[in-house]
Amino acid sequence: MPPQPISQDTDEDDSILLPWEVDWVKLQPFLKKNGYKLRPRYHPNWKPPWTRFWNLNKDMSDYSDWLWTSVPKLIDAVRVRDGAKVVLKRVVLAEDNVEILQFLNTPKMREDSRNNTVPLLDVLLLPNDSGLETSSPSALLVMPMLFPLMSDSLPYRHVKEVLELLEQLIQGIQFLHEHHIAHRDACCGNFLMDPTNVIPSSFHHAANYCQPDGKTRIIYRDRCAVAPVKYYLIDFETARFFAPGTGCVGYYGQVKYVPEMSGTIPYDPFKLDVFQLGDVVDRFVQEYEGLDFLSPLAESMRYFDPELRPTATESLSILRQIIASLDYACLSGDIWLRKTTAEERGRKSPPPQSRATRRLISFIEWWIRLIMLFQKRTSNPV
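This write-up is about the structure you can find in this document. Just so it is clear, the structure is predicted and the values come from calculations on it, not from any experiment.

The rules behind the values
- Residues numbered from 1 in each chain as written.
- Predicted model: local features only at pLDDT ≥ 70, side-chain atom pairs only at ≥ 80, totals over all residues.
- Heavy atoms only, no water.
- Helix = DSSP H or I, 4+ residues; strand = E, 2+ residues; numbered from the N terminus.
- Buried < 20%, exposed > 50% of the residue type's maximum accessible area, 1.4 Å probe, protein only.
- Contact = heavy atoms within 4.5 Å.
- Areas by Shrake-Rupley, 256 points an atom, 1.4 Å probe, with all protein chains shown as cover.
- Pairing = 2+ DSSP bridges.
- Axes fitted to C-alpha atoms, helices over the stretch in contact; angles between N-to-C directions.
- Salt bridge = Lys/Arg side-chain N within 4 Å of Asp/Glu carboxyl O.

### Topic: the overall build of the protein chain
- Helix and strand counts for the protein chain come out as ten helices and 14 strands.
- By residue count, 49% of the 382 residues in the protein chain fall in the buried class.
- Of the contacts formed within the protein chain by residues at least 6 apart in sequence, a portion of 70% connects residues at least 24 apart.
- On the protein chain, roughly 18,700 Å² of surface is accessible, and the fraction owed to carbon and sulfur atoms is 56%.

Right, here's the structure in full:
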């Protein structure tokens, strides 16, 4: 059947939501009962405000409700009792290593300041009558809402900001390895920043360059002005306990070019973490001017031969030797994204999006939904 336009009839709001968003709508009553509030978009009786006849002269991008969650298993929410902004992650208990995450969140493990495991605030077991199709017991992990490690909307400005975060990241992996845990996906996308003091305006989880209204540009402070800033490691699906000398097989993580990775020949999972983290160091060197002195660290952590690659503890020692060799002027020096222009460097933050830009994004979003609706209807013909 031919594709149908996205309905503007408020009685057919399911056509405005993506398939995985409908699942979150089904969970809204359960979450409300357990003290968590989703955005209005995910309430069962939600009506898109831009479809109201008195709003016909407005664009959907004028409303924060037009922003959708792009990762099916993640959504933002508010903890009702204290207004804390959190993220909910839907997991399968048998596959997502919740036990390791719970272990790392025990009071004893939290006593060590190197432990940068994401705080686990709650675990909500999904009932059988949740309305979701699942073949295994599932749960929702509740964690604080954090900000991406690297984002053009919140660039690093000073050398010492990057050195502080790298020290935290390596210490976190060192901590895991001391407890015989290999993460196996210690990549850039799995490190997040606590935005509490850096972004006083807060941000929209679905568009982190915007404040919660979905339109206004975020207001942020230099990280060094509110130091120390805490960084966290997330996503422990691939994490495992390994006895000393035990190898693993398989392909893990966002970085797919780790030389020793094999589906048949065992390799050291701890050296895998070091390589992946070395790739994070290298990404900073490649994307920022003023960090070339970190190249030797990135190169050593990514040695082709894992036997020559340093351990996490040795990597931390190399980093600290580099820091000790820098004078005050270098530590306080400015850094810039290599792709920024001289004009952009004269501003603290990028200019806000124009209304025309937001309309373009809205138009693209409309077509994405139209394609999704077409695919949904052709895969489930009437």
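Additional details are given in the paragraphs that follow.
### Topic: the sheet that holds strand 6 (residues 147-148)
- Pairing is antiparallel in the open sheet, where three strands are placed in the order 6-8-9. Every interior strand has two partners, whereas the edge strands, strand 6 and strand 9 (231-233), have only one.
- Set on the sheet, helix 4 (residues 159-178) makes contact with strand 8 (191-193) and strand 9; between it and strand 9 the angle comes to about 35°.

### Some words on unusual backbone geometry
- Between Ala227 and Pro228 the backbone carries a cis peptide bond, its omega angle lying at 0°.
- Here Ser202, not a glycine, exhibits a phi torsion of approximately 65°, which is positive.
- As for its placement among the helices and strands, Ser202 is situated in the loop between strand 8 and strand 9.
- Its relative accessible area of 18% is what places Ser202 among the buried residues.
- Backbone geometry places Asp235, a non-glycine residue, at a positive phi of 55°.

### Remarks on the pattern of salt bridges
- Enumeration according to the criterion identifies 16 salt bridges in this entry.
- Put simply, Arg309 and Glu260 hold a salt bridge, and the shortest N to O gap is 2.7 Å. Taken together, the residues Arg309 in the loop between helix 6 (295-301) and helix 7 (312-325) and Glu260 in the loop between strand 11 (248-250) and strand 12 (262-267) connect sequence positions 49 residues apart. The same class applies to Arg309 and to Glu260, which are both buried.
- A single salt-bridge network, built from bridges that share partners, covers Arg79, Arg81 and Asp82.

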